[in-house]
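Single-letter residue listing:
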Amino acid sequence: MREYTRSLTIEKATDVVVVGSGPAGLAAAIAAARGGASVRLVERYGFLGGNLTGGLVGPCMTSFSLDGKTQLIRGIFDEFVRRMESLGGAVHPSQTVSGSPYSGFMTFGHEAVTPFDPEVAKRVSMEMALEAGVELLLHSMVVDTVVEDGTVTGIVIAHKGGMSFVPATVTIDASGDGDVAARGGAAFDYGRDSDGGVQPMTLFFRVRDVDDEAVSAYQAEHPDERFPFQSIVERAHEAGTYSLPRRGVQLFKTLESGVWRVNTTRVTGVNGTNVHDLTTAEVAARQQVVQLLEFFHHELPGMGSCRLLDTASTIGVRETRRIVGIYSITLDDLVAGRAFDDVIAVAGYPVDIHSPTSINGPFDDGVPPTANVYEIPYRALVPAQLDGLIMAGRCISGSHEALAAIRVMPPAFAIGEAAGVAAARAVFTHLEPREVDVADLQTRLLNSGAYLGARMDIPDLMITSNS
Ligand SMILES: Cc1cc2nc3c(=O)[nH]c(=O)nc-3n(C[C@H](O)[C@H](O)[C@H](O)COP(=O)(O)OP(=O)(O)OC[C@H]3O[C@@H](n4cnc5c(N)ncnc54)[C@H](O)[C@@H]3O)c2cc1C
């Protein structure tokens with residue numbers, strides 16, 4: 001260890017600073033700005049979207065109930081999708097069905113997914129943020145959190161010009177990894193209870209020049225295979241001819257003919273908050289891409305002439321810190337579809353655990369099925385210990401199993417939207433996030449197009465002012 005002292009430049013203060021521009025941070029920044037707050041969105045990359053864009057992750061998993069009948073995630077997510085759709089960059093989830101190429105031929109949990117073009121997502125993310133009045137601070141990595149008397153009063157960023165302090169009344173941690181909360185000293189959980197293992201990392205890539213019809217024909221001839229090309233992969237495992245990290249090839253058709261996203265590299269036993277592990281994982285996954293392409297060329301119908309289109313800008317990290325909130329969501333809450341007085345989002349995607357230690361998963365971990373619709377309470381977004389801070393997205397409070405359902409992109413949008421509205425309310429009412437009037441928050445969410453489940457469907461009160 002070595003200690004040193006440095007003076008920091010001070011950025012101008014804003015009401016709300018949002019750290020991370022993935023689905024959660026993007027929605028949070030837009031919602032807080034629309035709520036009248038001055039908002040700064042801090043992002044380490046040069047574009048917005050997080051996994052949605054830079055991670056090449058897609059499609060957006062279901063925004064509907066598990067049975068595919070009711071759209072649950074609406075609000076900013078739906079606006080975002082419809083805007084991409086109007087540019088030819090997405091198919092609305094109401095138009096897609098499970099078992100189709102857009103769903104990667106998967107059935108369970110794969111009803112009503114949203115295929116989209118990541119470049120259109122980059123464009124729409126930035127346009128929506130700027131139109132809402134969000135001030136962007138790109139190429140800025142949050143490296144520390146300033147806490148005074150138990151309240152987060154701002155963050156420290158590192159950038160090409162050095163380091164700066166960014167003050168804010170309320171900070172939203174949408175970094176995925178809970179960087180702000182952890183640096184501020186908040187307690188967090190990590191990994192599954194049995195051995196602390198976390199889900200593996202995966203580097204997405206896309207291939208072009210695929211014979212779409214041949215791929216679909218193979219799946220149609222093998223309806224019993226749970227994962228695409230499963231029996232071919234199993235034969236390769238038995239023969240030891242290829243080192244394959246999964247039980248099948250998880251691939252999703254995109255909007256362009258012959259182009260598929262591949263979610264099949266897998267690096268286990270690595271920690272997404274450790275720079276050495278991230279480096280190891282990035283190298284290993286990029287080597288796996290080369291091996292997988294060779295396997296595709298030699299073994300897979302319809303993929304013999306495919307070529308690499310691109311790899312994601314960064315390896316995708318499925319699981320790291322879960323910041324301990326006032327309430328921690330359990331698997332039982334999701335299975336029972338437990339009703340919460342402070343519900344701020346509802347979702348229907350099931351528990352999707354990629355094994356921390358083996359080639360298994362998703363969906364073969366033996367956990368019971370989740371309810372058709374489950375609720376996410378506001379208290380899971382509020383850290384148990386710190387004030388001035390709200391969590392959004394993958395780092396909210398819950399068990400390893402519960403977060404394995406809630407972590408996908410549509411719920412992240414919905415949670416982010418709630419966090420943004422709550423942050424603006426905290427600012428205008430001079431209250432801490434934990435003191436925000438939840439009934440008022442729910443009414444504001446409903447008024448702006450969010451859906452909080454059938455029992456919350458009709459708002460009693462239409463609020464139009466910020467007072
Ligand atoms: C391999 C993989 C496959 C997945 N498959 C799917 C799928 O098919 N469909 C689906 O819907 N979901 C999928 N998910 C889940 C989903 O992508 C994420 O859980 C979701 O993006 C979480 O949203 P978020 O906003 O919380 O975090 P992220 O999308 O991770 O965004 C976090 C943002 O914060 C920024 N950031 C992080 N730390 C800092 C810092 N210290 N300073 C500044 N900026 C910072 C990052 O650059 C990023 O922009 C997958 C995830 C992975 C990793």
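Residues numbered from 1 in each chain as written. Predicted model: local features only at pLDDT ≥ 70, side-chain atom pairs only at ≥ 80, totals over all residues. Heavy atoms only, no water.

### Some words on the domain arrangement of the protein chain
The domains assigned to the protein chain are domain 1 (9-193 + 319-456) and domain 2 (205-311). With 35 residues of domain 1 at the contact, the number on the domain 2 side is 30 residues. In total, about 2,400 Å² of surface goes out of reach between domain 1 and domain 2, with carbon and sulfur atoms giving 58% of it. Interface area lost by domain 1 to domain 2 is led by Leu56, Phe105 and Ile359, which between them contribute 28%. Between domain 1 and domain 2 we count zero salt bridges in total. At the surface where domain 1 touches domain 2, the tally comes to eleven residue pairs in polar contact (both at pLDDT 80 or more). (Domains from an automatic or database assignment. Contact = heavy atoms within 4.5 Å. Buried area = accessible area lost by both parts, 1.4 Å probe. Salt bridge = Lys/Arg side-chain N within 4 Å of Asp/Glu carboxyl O. Polar contact = N/O pair within 3.5 Å; in protein donor to acceptor, adjacent residues only side chain to side chain.)

### Re the environment of Ser38
Position of Ser38 among the secondary structure elements: in the loop between α1 (23-34) and β3 (39-42). By relative accessible area, which is 33% here, Ser38 ends up partly exposed. Remark: the alpha-carbon pair of Ser38 and Gly161, spanning 123 residues in sequence, is separated by 24 Å. If near-sequence neighbours (up to four positions away) are discounted, Ser38 is found in contact with Thr14, Asp15 and Val16. A polar contact is formed between the side chain of Ser38 and the backbone nitrogen of Asp15, at a distance of 2.9 Å. (Helix = DSSP H or I, 4+ residues; strand = E, 2+ residues; numbered from the N terminus. Buried < 20%, exposed > 50% of the residue type's maximum accessible area, 1.4 Å probe, protein only.)

### Focus on the packing of aromatic side chains
Scanning the entire structure with this criterion turns up eleven aromatic pairs. With 5.2 Å between their ring centres and 80 degrees between their planes, Phe108 and Phe363 make a pair best called edge-to-face. Of the two residues, Phe108 is situated in the loop between α2 (75-86) and α3 (118-132) and Phe363 in the loop between β14 (343-347) and β15 (374-377); the sequence distance between them amounts to 255 residues. Exposure remark for Phe363: the relative accessible area of 14% places this residue in the buried category. Through a chain of ring-to-ring contacts, three or more aromatic side chains come together here, namely Phe205, Tyr242, Phe295 and Phe296. Positioned over the ring face of Phe47 is Lys122, at 4.7 Å from the centre of the ring. (Phe/Tyr/Trp six-rings, centres within 6.5 Å; stacked < 30°, edge-to-face > 60°. Lys NZ or Arg CZ within 6 Å of the ring centre and 35° of its normal.)

### As for the environment of Thr169
Assignment of secondary structure puts Thr169 in strand β7 (residues 162-173). Residue Thr169 is classed as partly exposed on the basis of its relative accessible area, which comes to 46%. In this structure, the C-alpha to C-alpha distance between Thr169 and Tyr451, residues 282 residues apart in sequence, is 28 Å. Discounting residues that sit within four places of it in the chain, Thr169 has contacts with Thr14, Asp15, Val152, Gly388 and Val427.

### Some words on the site of the ligand
As a structural note, the neighbourhood of the ligand is formed by 34 residues, with Glu43, Arg44, Pro59, Asp179 and Arg407 the closest of them. Within the contact set of the ligand, an oxygen atom lies 3.4 Å away from a backbone nitrogen or oxygen of Pro23. Between the ligand and Ala24, the relevant distance is 3.0 Å, taken from an oxygen atom to a main-chain nitrogen or oxygen of the residue. Coverage of the ligand by the protein amounts to 97% of the 1,000 Å² it exposes when considered alone. Ranked by the residues each element gives to the shell around the ligand, the list is headed by helix α10 (residues 409-429), at three residues. Of the residues that constitute the shell around the ligand, the class distribution is 16 nonpolar, twelve polar and six charged. (Near = heavy atom within 4 Å. Areas by Shrake-Rupley, 256 points an atom, 1.4 Å probe, with all protein chains shown as cover. Nonpolar A, V, L, I, M, F, W, Y, C, P; charged D, E, K, R; others polar.)

### Here's the deal with empty space enclosed by the protein
Under the counting rule described, the total for this entry stands at four cavities of 30 Å³ or more. There is about 90 Å³ of room inside the largest cavity. In this structure, the largest cavity is lined by 14 residues; those nearest its centre are Ile73, Arg74, Ala414, Glu417 and Ala450. Residue assignment for the lining of the largest cavity shows that the elements contributing at least two residues are α2, β14 and α10. Residue composition of the lining of the largest cavity, by class: eleven nonpolar, one polar and two charged. The volume enclosed by the second largest cavity comes to roughly 60 Å³. Around the second largest cavity, the lining residues are Gln199, Arg318, Glu319, Thr320, Arg321, Arg322, Arg394, His400, Leu403, Ala404 and Arg407. For the lining of the second largest cavity, the elements supplying multiple residues, two or more each, are β13 (321-323) and α9 (400-406). Here the element with the most residues in the lining of the second largest cavity is α9; it accounts for three residues. Here the residues of the lining of the second largest cavity sort into two nonpolar, three polar and six charged. (1 Å grid on protein atoms, 1.4 Å probe; cavity = no way out; pocket = protein on both sides within 12 Å on 5 of 7 lines; lining within 4 Å. Points joined across faces, edges and corners; volume = space filled by probe spheres on them.)

### Regarding the pairing of β7
Counting buried positions along β7 gives nine out of twelve residues, so the element sits mostly inside the fold. Inspection of the sheet shows strand β2 (residues 14-19) paired to β7 by five bridges, in the parallel sense. Looking at β7, one finds that Thr14 is bridged to Ala168. Adjacent in sequence and paired antiparallel, strand β6 (residues 151-159) and β7 are bridged by two residues. Alignment of β7 against strand β16 (residues 389-391), held across three bridges, turns out to be parallel. Considered in β16, the bridge of Ile172 is made with Ile390. (Pairing = 2+ DSSP bridges.)

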